[in-house]
Amino acid sequence: MTSQNTFRAVVAGTGAYLPEKILTNKDLEKTLDTSDAWITERTGIRERRIAADDESASTMAAKAGKLALEAGGIGPEDVDLIIVCTSSPDVLFPSTACFVQNELQAFGSAAYDISAVCSGFVFGLSIAEQYLKNGRYKNILVIGSEVNSRIIDWTDRSTCILFGDGAGALLLKRVEQEKPLGILSTHIYSDGRLSDLISVPGGIGRTGINKQDVDDKKYFIKMSGNATFKVAVKRMTDVIREALEFNGLSVEEVGLLVPHQANQRIISAVAERLNYPMEKVFMNIHKYGNTSGASIPIGIDEAKRSGRIQPGDISVLGVVGAGLTWGSAVIKW
Ligand code: UT7
């Protein structure tokens with residue numbers, strides 16, 4: 001008889017989609033009291049992608065998801081579940097995942113969104129891990145997709161320089177084998193006491209959409225950057241350390257660290273605290289800025305397609321986002 005504990009959740013395919021339009025720091029200099037030098041030095045960001053008028057979280061998610069299915073060699077009819085991790089959904093409801101399901105014609109699947117902002121993708125992975133390891137599902141698409149450009153106040157230089165748009169997807173597949181493979185662990189956390197650090201404070205269910213909140217720009221991202229920075233370094237370091245200890249892994253035994261791309265200085269500070277050599281740390285923040293829930297799957301897709309992740313490698317993911325939420329995952333390829 002089949003023993004449940006030999007079910008593994010492996011990454012069968014990856015995909016990413018970045019909008020064509022590039023907005024550089026130099027472009028931002030024209031409309032804001034900022035400079036390319038300040039943005040590059042404080043964040044590592046040089047440019048970011050901006051969705052076209054006819055693009056949204058669902059259209060980008062569907063493109064990334066389609067590529068992940070192609071890479072994994074399965075058709076949309078074989079997908080059991082689509083989890084879309086987004087904090088910039090197409091509409092309040094139905095879920096962005098339902099639009100993606102329709103676009104992919106994956107009509108045999110269940111589809112829903114999860115909301116954990118930048119941490120969304122790692123939270124989504126942790127859900128997929130459970131369904132696959134307990135034998136409930138065979139093929140799950142986990143997609144992070146964000147159209148941050150639509151929830152940014154483009155006159156607020158402390159936030160608008162940071163974010164970009166894009167989508168990334170992983171197709172996770174259940175396989176049965178004795179040896180550990182695929183998602184080895186996920187650790188996820190939330191602390192609602194820190195909900196004011198980063199938020200879109202305008203009320204929808206709380207107050208109803210109202211003109212005052214619109215005038216006060218409350219439907220855009222607000223962030224206490226400096227306080228978030230400090231919390232982010234500590235939580236991301238701790239949760240990655242926890243992941244390594246849980247799996248009995250030393251830094252030497254792990255290949256690529258794929259951290260959430262919020263700020264190059266956060267990533268460097270985390271790497272330093274973990275004694276993680278920077279050549280083993282994935283970074284693409286200079287090209288895309290902070291793509292929130294899409295940042296980690298875009299990074300994994302790029303790392304995989306460029307050969308920086310090879311079969312047999314172990315990668316660790318780490319993230320901190322609004323909520324406050326944070327998490328890590330370890331993947332054996
Ligand atoms: O993905 C979710 C998690 N998000 C994050 O992790 C973001 C974390 N925070 C950060 O990345 C950084 O805090 C920022 C990049 C947002 C800001 O960097 P900072 O070094 O923390 O700067 P600061 O907020 O302490 O501001 C320093 C100065 C201020 O001027 P004064 O008060 O010293 O005169 C700001 O007004 O920099 C000014 N400033 C800018 N100057 C030029 C803020 N934004 C800009 C700008 N260009 N775009």
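Residues numbered from 1 in each chain as written. Predicted model: local features only at pLDDT ≥ 70, side-chain atom pairs only at ≥ 80, totals over all residues. Heavy atoms only, no water.

## Things to note about the site of the ligand
Around the ligand lies a shell of 23 residues, among which T34, R42, N226, N263 and N290 are the nearest. Contact between the ligand and N226: an oxygen atom at 2.7 Å from a side-chain N or O atom of the residue. Here an oxygen atom of the ligand sits 2.7 Å away from a polar atom, N or O, in the side chain of N263. Protein chains shield 72% of the accessible area of the ligand, which is 950 Å² for the free molecule. When contributions to the shell around the ligand are tallied by element, the ones reaching two or more residues are α2 (36-43), α6 (157-160), α8 (225-246) and α9 (264-274). (Near = heavy atom within 4 Å. Polar contact = N/O pair within 3.5 Å; in protein donor to acceptor, adjacent residues only side chain to side chain. Areas by Shrake-Rupley, 256 points an atom, 1.4 Å probe, with all protein chains shown as cover. Helix = DSSP H or I, 4+ residues; strand = E, 2+ residues; numbered from the N terminus.)

## As for the domain arrangement of the protein chain
Where interface size is quoted, it is often the accessible area lost as the parts come together. The domains assigned to the protein chain are domain 1 (4-176) and domain 2 (182-332). For domain 1 and domain 2, the distance between their C-alpha centres works out to 14 Å. Taken together, the contacts link 54 residues of domain 1 with 47 residues of domain 2. The junction of domain 1 with domain 2 conceals about 3,900 Å² of combined surface from both sides, 65% of it contributed by carbon and sulfur atoms. (Domains from an automatic or database assignment. Contact = heavy atoms within 4.5 Å. Buried area = accessible area lost by both parts, 1.4 Å probe.)

## Here's the deal with the layout of surface pockets
Each pocket or cavity is described by its volume, and for the largest pocket that value is around 1,100 Å³. In terms of lining residues, the largest pocket is bounded by 34 residues, among which S87, S88, P89, V200 and I204 are the most central. Contributions of two or more residues to the lining of the largest pocket are made by β5 (110-114) and β9 (198-199). Classifying every residue of the lining of the largest pocket by side-chain character gives 17 nonpolar, 13 polar and four charged. In terms of domain composition, the lining of the largest pocket takes at least three residues from each of domain 1 (4-176) and domain 2 (182-332). Here the second largest pocket defines a volume of roughly 500 Å³. Together, 25 residues line the second largest pocket, and L162, M223, G225, F229 and N263 are the ones closest to its centre. (1 Å grid on protein atoms, 1.4 Å probe; cavity = no way out; pocket = protein on both sides within 12 Å on 5 of 7 lines; lining within 4 Å. Points joined across faces, edges and corners; volume = space filled by probe spheres on them. Nonpolar A, V, L, I, M, F, W, Y, C, P; charged D, E, K, R; others polar.)

## Things to note about the sheet that holds strand β4 (residues 81-85)
Here five strands make up an open sheet; going across it, the order is β1-β7-β6-β4-β5 and the pairing mixed. The open sheet has two free edges, formed respectively by β1 (7-17) and β5, since each of these has just one partner strand. Taking each pair of neighbouring strands and ignoring which way they run, the sheet shows an average axis angle of 20°. Of the strand pairs in this sheet, β4 and β5 are connected by five bridges, and their pairing is parallel. Residue pairing in the sheet places I83 in a bridge with Y112 of β5. Each of β1, β6 (139-147) and β7 (165-176) touches helix α3 (residues 57-72); the most contacted strand, β1, lies at about 125° to it. Helix α4 (residues 96-104) rests against β4, β5 and β6 of the sheet, and its axis sits at about 130° to β4. (Pairing = 2+ DSSP bridges. Axes fitted to C-alpha atoms, helices over the stretch in contact; angles between N-to-C directions.)

## A few points about unusual backbone geometry
At the junction of F93 and P94, the peptide bond is cis and its omega measures out at 5° in the coordinates. Mapped onto the fold, P94 is located in the loop between β4 and α4. Of note, the bond from G323 into L324 is cis; its omega dihedral lies within 30 degrees of zero at -10°. Mapping L324 onto the fold places it in the loop between β12 (314-321) and β13 (325-332). The phi angle at Q105 is positive, at roughly 55°, despite the residue not being glycine. The residue Q105 is located in the loop between α4 and β5 in this model.

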